[in-house]
Amino acid sequence: MSVTVILSRKGNDIVTLSPDATLGDAVASLARNRIGAIVVTDANMGVEGIISERDVVRLIGERGVDVLSEPLAGLMTKAVVTCAPDETVPQIMERMTRGRFRHVPVVSGGKLVGIISIGDVVKYRVEEMERESAQLRDYIMSA
Ligand code: AMP
């Protein structure tokens, strides 16, 4: 299954902020949208960075709550690992495992078109395993 299929099921809603938004803005948006990461984009939806709940905890732990008023530009992860819509779920899983992160923005033609989280990947894997075991059961019953 490709990333496109997952996006078509969960929708292409993407929560983004610009680099001049503050970490406080990001915290408010993470809470409001009940998500774990926000992609930081330019005016053309080009990916500039990503900020996740782990970054928020680490930054406050290291620098105190004053960091909440600083812009994302200096706080976000800038080397963002992305994927293309036609890539497969195993490819994304491998990328998440190797990079030890739980979010992969989907980019097409230089623009952000979606985001795949580890939750999406796990949901897909569970459904796939259920399908496989149902097929095996059917096969055994019909033998
Ligand atoms: P996460 O597991 O997604 O909460 O992120 C853990 C760390 O990896 C944080 O420092 C994030 O900013 C960073 N991160 C998350 N997603 C990506 C990504 N796709 N590419 C690069 N870094 C990422």
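Going by the structure above, here's the rest.
Residues numbered from 1 in each chain as written. Predicted model: local features only at pLDDT ≥ 70, side-chain atom pairs only at ≥ 80, totals over all residues. Heavy atoms only, no water.

1. Some details on the environment of Leu59
Here comes step 1: Among the secondary structure elements, Leu59 is positioned in helix α3 (residues 53-63).
Here comes step 2: Taking the relative accessible area as the measure of exposure, Leu59 reaches 4% and is therefore buried.
Here comes step 3: Along the primary structure Leu59 and Cys83 are separated by 24 residues, whereas in three dimensions their C-alpha atoms are 27 Å apart. (Helix = DSSP H or I, 4+ residues; strand = E, 2+ residues; numbered from the N terminus. Buried < 20%, exposed > 50% of the residue type's maximum accessible area, 1.4 Å probe, protein only.)

2. Details of a nonpolar patch on the surface
Here comes step 1: Together, Ile118, Val122 and Val126 line one region of the surface with nonpolar side chains, adding up to about 220 Å² of accessible area.
Here comes step 2: Here Ile118 shows up in helix α5 (residues 118-142).
Here comes step 3: Owing to a relative accessible area of 38%, Ile118 belongs among the partly exposed residues under this scheme. (Patch = residues over 30% accessible without salt bridge, like charges linked within 9 Å, V, L, I, M, F, W, Y side chains within 5 Å. Areas by Shrake-Rupley, 256 points an atom, 1.4 Å probe, with all protein chains shown as cover. Salt bridge = Lys/Arg side-chain N within 4 Å of Asp/Glu carboxyl O.)

3. So, the side chain of Glu87
Here comes step 1: The residue Glu87 is located in the loop between α3 and α4 (89-99) in this model.
Here comes step 2: Looking at Glu87, its side chain comes within polar contact range of the main-chain nitrogen of Ala84, at 2.8 Å.
Here comes step 3: Ignoring anything within four residues of it in the chain, the contact list for Glu87 reads Met1, Ser2, Val3, Ile92 and Arg95. (Polar contact = N/O pair within 3.5 Å; in protein donor to acceptor, adjacent residues only side chain to side chain. Contact = heavy atoms within 4.5 Å.)

4. A look at the site of the ligand
Here comes step 1: Neighbouring the ligand are 13 residues, the closest being Ser52, Asp55, Thr77, Arg102 and His103.
Here comes step 2: Side-chain polar atom of Asp55 to an oxygen atom of the ligand: 2.5 Å apart, as the coordinates give it.
Here comes step 3: Taking Thr77, its side chain carries an N or O atom lying 2.7 Å from an oxygen atom of the ligand.
Here comes step 4: Within the complex, the protein chains bury 89% of what would otherwise be the 480 Å² of accessible surface of the ligand.
Here comes step 5: Its atoms largely coinciding with the cavity grid, the ligand occupies the largest pocket.
Here comes step 6: For the shell around the ligand, the secondary structure elements donating two or more residues are β3 (47-52), α3 and β4 (103-108).
Here comes step 7: If you tally residues by element for the shell around the ligand, the top one is β4, at three residues.
Here comes step 8: Its residues assigned to classes, the shell around the ligand comprises seven nonpolar, three polar and three charged. (Near = heavy atom within 4 Å. 1 Å grid on protein atoms, 1.4 Å probe; cavity = no way out; pocket = protein on both sides within 12 Å on 5 of 7 lines; lining within 4 Å. Sits in = over half its atoms within 2 Å of the grid points. Nonpolar A, V, L, I, M, F, W, Y, C, P; charged D, E, K, R; others polar.)

5. What about the pairing of β4?
Here comes step 1: In terms of burial, β4 is a largely internal element, five of the six residues being buried.
Here comes step 2: Of the pairings in the sheet, the one linking β4 to strand β5 (residues 111-117) comprises six bridges and is antiparallel in character. Paired with Ser108 across the two strands is Lys111, which belongs to β5.
Here comes step 3: Counted between consecutive antiparallel strands, the loop separating β4 from β5 contains two residues, among which Gly109 sits at a positive phi close to 55°. (Pairing = 2+ DSSP bridges.)

6. As for the layout of surface pockets
Here comes step 1: Quantified by volume, the largest pocket comes out at close to 270 Å³.
Here comes step 2: Together, 13 residues line the largest pocket, and Ile50, Ser52, Thr77, Phe101 and Arg102 are the ones closest to its centre.
Here comes step 3: Elements that contribute at least two residues to the lining of the largest pocket include exactly β3 and α3.
Here comes step 4: It is β3 that contributes the most residues to the lining of the largest pocket, three residues altogether.
Here comes step 5: Residues that form the lining of the largest pocket fall into these classes: six nonpolar, three polar and four charged.
Here comes step 6: Taken as a whole, the second largest pocket spans an internal volume of roughly 220 Å³.
Here comes step 7: Taken together, the elements giving at least two residues each to the lining of the second largest pocket come down to β2 (37-41) and β5.
Here comes step 8: For the lining of the second largest pocket, the element with the highest residue contribution is β2, accounting for three residues.
Here comes step 9: The residue inventory of the lining of the second largest pocket, partitioned by class, reads seven nonpolar, four polar and three charged. (Points joined across faces, edges and corners; volume = space filled by probe spheres on them.)

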